[in-house]
Amino acid sequence: MKAQTQHSKNQQQRFATRKWELRAAERILLVDGKPSSIGSRAFELLDALVSRRGRVVSKSELIDAAWPGRIVEENNLTVQIAALRKVIGADAIRTVPGIGYSLSAASNLDIDPAADNQLSSPEFLGRESDINALHERLRLAPLVTIVGTGGVGKTSLAREVLARHEPWSADRKFWIDLAPVRDTSQFVSSVAKGVGIELGGFSDPSEELLCGLEQVKGIVALDNCEHLLECTTVLIRKALGRAPGVRWLATSQEPLRVVAEEVYRLGPLEVPGSDVSLAQAMEFSAIALLCNRAAAADRHFVLDEASLPMAIELCRQLDGLPLAIEMAAKRVASLGLETVFTNLDKRLQLLVGPNGVPARHHSLQSTLDWSHDLLSDLEKRVFRNLEPFLDGFSIQVAIVALQDEHVETQAADAISEWRVLDALDSLANKSLIHRSAHRGNRLFLFESARDYARHRLEDAGEIDVARRRHCQAVAQWFDDAQTDADRMNDALWIDRYATERHNVRAALTWACIAREPDTVARLTTALASIDSFTHSQAEVLDCNVPLDVLAQAQVPLRARAHLELSWSHYTDGNREVGTDLAKKALEDFSNLGDDNGVYRALAILMRLYESRPGLGVVAQQTLTEFRSVDDRHLPLRSRLFCAIIAGLQYGASRSIESLRELERIATGAGFNALGGVCRAHITDELLIRRDFKGVAEAAQQYLASDLPQRAKTAILNNLTLALIRLGQVAQAYEPARSSLRISPKGAHVVIDAFALAAAMHGDHADAAILFGHGARVRQDRDNLPDPAEAAAISDTLSLLRTAMNEDRLGELVKMGAAMSSTEAIAIALPPT
């Protein structure tokens, strides 16, 4: 074992008459079998070049490797490279002008396969110049769109550009994959979620998103825009004028056609001509990629002079598209280059692409046709039935969707669980489905492969069947979600269930159209639970669940769906509707004798009553009923949820000490999101007690921890108000802007705080205008302000009535009520 480990760390290279071997672990360089003395800087540079063999290494990467943490002149690098060339050969290291260096193609001829197999496979070959060019364009232009055909590598390139882009830190870079967004109605909410902006308070979600973007300073990458071209263009065109702090990086198969757009057309990888040598051919990225991926799949693969013409023609017929070349390389490893070349050539001549397929897919269609024709009947069936899955899928859910029921009673070709597993494994090996780099049990199809699978489903007449089976499989996956929530911590539950958000939404959309009551109920509960569990925007409300269909579901399913949907309406929807749903859930749970359901329904009802004007007496009556429930046998999560979030918000029994105890219990149980909400409530209580310094101290501490977005927004708002109360208005701008960026729908809370600031500093006209805007929003939403907010509103009104007469105050309040949130924010906060 020791010898094998050592051998894997040795990397042998040959240059003309010289043979050299780098033993990184021993820090030894052997040239023609003899130790060669080089300095430590040169050794680190050579090690960096070897470990990144197959791509150009930028000068900055090499400087970081040899002089970590130090600022050195570029000529130091040049001197060390020259010294290395004297030792291992003048042609060993290739200079790429203006970019960096790489080991030459000759360096790859005599590599020990066992050693080479230990090297990590580089993600990019031949794209360094594109990366540098895009960095320069992003520095100058507010919008850069990477344009190219499907499979050319736009997404991978954009990810790399974003990762390496230096002007902004990681938390100011936002990646939004639009591929799972199948409906234009989902576009705004998807972008908002990707940038961390909560929607739900404005009648126009686009306006709400733009308000949030006004507070953003960073780079937003929108991937796969071509199917949402119009709404993407409209959003960016408006944002360029209103959100100057945002730079946009987009990928699309066609330009967005915005005036300020810098279009970067990404071409295929370079394919050499037919008259080049092997060494010269390896300098071309298409050949390098083919050989790299084939060798990674089969360590015995070696490209020689005899097979070079076939490799060149193969890459040419694949149009130099990275995705097509990678799929071909897998087949080269298993079938051999000659077989793959012959079969591909035949299919390219026969298959031009069926009518209705966009021209941009024709070349990739040929590759997919070829790959598909190599599949068994079972693999073809499994492949096409994976089409309904969005944003990847877990193996367990796929098995439920794909396997036949009652296999033992069916024909010999029925799909059992093990046959599904075998087919998935085979499809992954053949690069038609791909394994997630971060979660090994999660697979996904490229979007081009999904389009292809959809055509195959249509040809087979199986679209409706596939959609129904997907829908039922996703619903079934969530049958144990509530039970698991009672026994799992947040991280485990989210890992198991929240990752299926896109699949749940797609399934629920189909079920609502099909009007299948039980399935609608199960999936409504699933999506609403994900929203609630992650304390994020209530996406389930965007699905417009038909309540008449939901009412026909079996009572236990209906009760759970009504309850979860009622909480969604409390957080982001119509609280009157939420109240009606909670009452229906309470009735059903009571009839079922479900104590846990009754307990949660009463708590949510109490919170809904508390938050609506004129229902204080009903809230107190519900509180009495709630307290009569014996909760000792109920799950801990339910008891904590009701105590922390849903009820007893401002009861006499609530104290900072009790909240800290609840936080300790919640975090100790792994319910970190509930613990975060406790922290927000602690700052609420400190505000109510007028301990403004305490609020500032606690908020700074809590904001440094991991918090759900809702809790973070509440703490930012409390910090803003506390700083204003302390007379530190200038310091309050930063948390206020952070709150507006995360949750534009809560703008009225920030505006109310700065109405008080203006009144305290004698800017009475501005204060009255801002006061009027906040009052109108609260009235429109039928919401009562929280106690600390109510105190600030009351103090503002008192100061205004002292400073001006009622007529003048009424005029200004009316003026503010007519303003949009954007206009009111412009008065409340100075420009950035």
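Draft legend 1. Fine view of the confidence of the model for the protein chain. Confidence in the prediction of the protein chain, expressed as mean pLDDT, is 84, and 88% of residues score 70 or more. Residue range residues 1–17 is modelled with pLDDT below 50. Its contacts to residues more than four positions away, or to other chains, number 41 contacts. Counting interchain partners and residues more than four positions distant, the pLDDT-below-50 stretch residues 346–363 has 21 contacts.

Draft legend 2. Summary view of the side chain of Asp572. Among the structural elements, Asp572 can be located in helix H27 (residues 555–572). Once you skip the residues sitting within four places of it in the chain, Asp572 turns out to touch Leu199, Gly200, Ser536, Gln537, Ala538, Leu541, Arg710 and Lys745.

Draft legend 3. Here's a closer look at unusual backbone geometry. Phi at Asn224 takes a positive value of approximately 65°, unusual for a residue other than glycine. On the secondary structure map, Asn224 appears in the loop between strand S10 (218–223) and helix H10 (229–242). The backbone of Arg515 shows a phi angle near 55°, a positive value even though the residue is not glycine.

Draft legend 4. Region of interest: the packing of aromatic side chains. Applying the stated rule across the entire model yields 11 aromatic pairs. Residues Phe444 and Phe446 carry aromatic rings whose centres are separated by 5.9 Å and whose planes lie at 85° to one another, so their mutual orientation is edge-to-face. Counting every residue linked through ring pairs, the aromatic cluster contains Trp477, Phe478, Trp493, Tyr497 and Phe533. Over the ring of Phe641 we find Arg600, and its NZ or CZ is 4.6 Å from the ring centre. The side chain of Arg637 reaches across the aromatic face of Phe671, ending 3.8 Å from its centre.

Draft legend 5. Structural view of the sheet that holds strand S9 (residues 173–177). Reading across the sheet, the 5 strands line up as S9-S10-S11-S8-S12 and stay open at both edges, with parallel pairing between neighbours. Two strands lie at the open edges of the sheet, namely S9 and strand S12 (261–265), each paired on one side alone. The average angle at which neighbouring strand axes cross in this sheet is 15°, direction not considered. Relative to S10, S9 runs parallel, the two being bridged by 5 bridges. The residue bridging Ile176 from the neighbouring strand is Leu222, located in S10. Helix H7 (residues 154–164) contacts strand S8 (143–147), S9, S10 and strand S11 (246–252) of the sheet and is inclined by roughly 165° relative to S9.

Draft legend 6. Spatial organisation of the pattern of salt bridges. Overall, the coordinates contain 42 salt bridges when judged by the stated rule. Across the pair Glu326 and Arg293 runs a salt bridge whose closest N-O atoms are separated by 3.4 Å. Residue Glu326 is located in helix H14 (residues 322–335), and its partner Arg293 is located in helix H12 (residues 285–297); the two are separated by 33 residues in the primary sequence. Judged by its relative accessible area of 30%, Glu326 is partly exposed. Between Asp572 and Lys745 there is a salt bridge whose closest N-O contact spans 2.1 Å. A residue pair is termed long-range when its members are at least 10 positions apart, and Asp572 in helix H27 and Lys745 in the loop between helix H36 (729–742) and helix H37 (747–760) qualify at 173 residues. The exposure class of Asp572 is buried, given its relative accessible area of 11%. Among the charged side chains, a salt-bridge network with shared partners connects Arg501, Arg505, Asp531, Glu539 and Asp542.

Reading guide: rules and limits
- Think of each chain on its own: its residues are numbered from 1, step by step along the sequence as written.
- Selection of residues for local features in this predicted model requires a pLDDT of at least 70, selection of side-chain atom pairs for listing and counting requires 80 or more, and totals for whole chains, interfaces and linings are taken over all residues.
- Just so you know, side-chain values use all the structure's heavy atoms and leave hydrogens and water out.
- Residue-level confidence of the predictor is summarised by pLDDT, bounded by 0 at the bottom and 100 at the top.
- Only heavy atoms enter the contact rule, under which two residues are in contact if any of them lie within 4.5 Å.
- Secondary structure is summarised from DSSP: a helix means a run of H or I of at least four residues, a strand means a run of E of at least two, and numbering begins at the N terminus for each.
- Here is the rule: rings of Phe, Tyr and Trp (six-membered ring for Trp) pair when centre to centre is within 6.5 Å. Planes less than 30 degrees apart are stacked, more than 60 are edge-to-face, and the remainder are tilted.
- Cation placement over rings: the criterion is NZ of Lys or CZ of Arg within 6 Å of the ring centroid and within 35° of the ring normal.
- Pairs of strands are assigned from DSSP output, requiring at least two bridges between the strands.
- Between N-to-C directions, angles cover 0 to 180 degrees, with each direction set by a line fitted to C-alpha atoms, over the stretch in contact for helices.
- By convention in these notes, a salt bridge is any Lys or Arg side-chain nitrogen within 4 Å of a carboxyl oxygen on Asp or Glu.
- Partly exposed describes any residue whose relative accessible area lies between the buried limit of under 20% and the exposed limit of over 50%, with all areas from a 1.4 Å probe on protein chains only and scaled to the type maximum.

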